[in-house]
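# What the coordinates show
The residues making up each chain are set out below.
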Amino acid sequence: GYLIGERYSPGYDADSLGTSWSVAKSFYSAAIGVAIGDGLITSVDQKASDIITEWQGTGKANVTLHHMLQMRSGYSGSDEVFLATDQTAYSIDRPLVRAPGSQFAYSNANSQLFETILRRATGVSAHDYLSQKILAPIGINLNDVGLWFDASGNNPMTYCCIDMKAVDFARFGLLYARDGQWRGDQILPAEYVGSSLTANGWYGYQLSLIHI
């Protein structure tokens, strides 16, 4: 729980911010876990269409959060969500290319749907929920964090892009290493952490898990 050493590339120091890119997916997965612990989402087995109501009565009606967390929603691994102005609308409207649960496909649009799920389930934006429930409680100064929006300026991006100090990324890693606890407080449900770190193939809940 404390630094034992640090080193930075030339031109960078302890106060420099780095961009997470797709590691942001792991943060918003954690926010889903907190929402489950808060009782705002039933479980990972809940149908996403309970929240993304646009999917009701369609072929996506039976996609579960578990499918989405493991990148097995049935979405294609090829999309252009980063180029869309309204990335949430783009992601909601993407067609399925295979049966949910049948195959892994790394999809950014799949993970952008956590924006909709968190906002509708919690009543606050994905960025606010992440900040209030995870970042601040583990000692991250929110003034030192950059959270990205899509080109519309309205939709938090939940498949990409958190700017933080290196030590703050390490805090998040330590949270998982300690089964969701931080200084005696259970920030993340331990069961969710365990499931997140259980690979289906090589992928957990928005986490790449490579066993050496």
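Residues numbered from 1 in each chain as written. Predicted model: local features only at pLDDT ≥ 70, side-chain atom pairs only at ≥ 80, totals over all residues. Heavy atoms only, no water.

## Points about the environment of P189
Worth spelling out the cut-off: Runs of H or I in DSSP of at least four residues are treated as helices and runs of E of at least two as strands, each being numbered from the N terminus. Only protein chains enter the accessibility calculation, which uses a 1.4 Å probe; a residue whose area is less than 20% of its type maximum is buried, one above 50% is exposed, and one in between is partly exposed. The contact criterion used throughout is that any non-hydrogen atoms of two residues lie within 4.5 Å.
As for its position among the elements, P189 is in the loop between strand 5 (185-186) and helix 7 (190-196). The class for P189 is partly exposed, based on a relative accessible area of 24%. C-alpha of P189 to C-alpha of S102: the two residues are 87 residues apart in sequence and 27 Å apart in space. Those residues in contact with P189 that lie beyond four places of it in its chain are G33, V34 and G37.

## Observations concerning the nonpolar core
As a reminder, the rule being used: We call a set of buried Ala, Val, Leu, Ile, Met, Phe, Trp, Tyr and Cys residues a nonpolar core when their side-chain atoms join them within 4.5 Å.
I41, I117 and I134 are the most contacted members of the largest nonpolar core, which has 53 residues in total. Breaking this core down by element, the ones donating at least two residues are helix 1 (24-37), helix 2 (65-69), helix 4 (108-122), helix 5 (126-135), strand 3 (162-165), helix 6 (166-177) and helix 7. Broken down by element, the residue count for this core peaks at nine residues, all from helix 1. Not counting residues within four places of it along the chain, the set of residues in contact with I117 comprises I32, I41, I51, I52, L65 and M68.

## Notes on the state of the cysteines
To keep it simple, the criterion reads: In plain terms, two cysteine sulfur atoms within 2.5 Å form what is called a disulfide here.
What the rule picks out here adds up to one disulfide. With a sulfur-sulfur separation of 1.6 Å, C160 is cross-linked through a disulfide to C161. Judged by its relative accessible area of 6%, C160 is buried.

## Quick word on the side chain of Q70
Its location among the elements puts Q70 in the loop between helix 2 and helix 3 (87-93). For Q70, a relative accessible area of 7% gives the class buried. With residues up to four places along the chain from it excluded, the contact list for Q70 reads F104, T198, N200, Y203, G204 and Y205.

## A word on the sheet that holds strand 3
Adjacent strands of a sheet pair through backbone hydrogen bonds, lying either parallel or antiparallel. Which entries qualify depends on this criterion: Strand pairing follows a simple DSSP-based rule, namely that at least 2 bridges must link the two strands. Comment: axis = line fitted to C-alpha atoms, over the contacting stretch for helices; angle = value between 0 and 180 degrees taken between N-to-C directions.
On the basis of which strands lie adjacent, the open sheet formed by three strands has the order 1-3-2 and antiparallel pairing. Single-partner strands in this sheet number two, and they are strand 1 (17-19) and strand 2 (146-147). Examined bridge by bridge, strand 2 and strand 3 share two bridges and lie antiparallel to one another. Along strand 3, the bridge assignment pairs L147 with I162. Together, strand 1 and strand 3 form the strand contacts of helix 6, whose direction differs from that of strand 3 by roughly 100°.

## Brief notes about the packing of aromatic side chains
For clarity, the threshold we go by: Centre distance within 6.5 Å is the pairing criterion for rings of Phe, Tyr and Trp, where only the six-membered ring of Trp is used; planes under 30 degrees apart are then read as stacked, over 60 as edge-to-face, and the remainder as tilted.
Inspection of the entire model under this criterion finds ten aromatic pairs. Aromatic side chains W21 and W148 sit 5.6 Å apart centroid to centroid with 75° between the ring planes, which places their arrangement in the edge-to-face category. Placement of the pair is W21 in the loop between strand 1 and helix 1 and W148 in the loop between strand 2 and strand 3, with a sequence separation of 127 residues. Ring geometry for Y192 and Y205: centres 5.3 Å apart, planes at 50°, overall tilted. Of the two residues, Y192 is situated in helix 7 and Y205 in the segment after helix 7; the sequence distance between them amounts to 13 residues. On the basis of relative accessible area, Y205 is assigned to the buried category, the value being 5%. Among the aromatic side chains, those forming a connected cluster through ring pairs are F27, F169, F172 and Y176.

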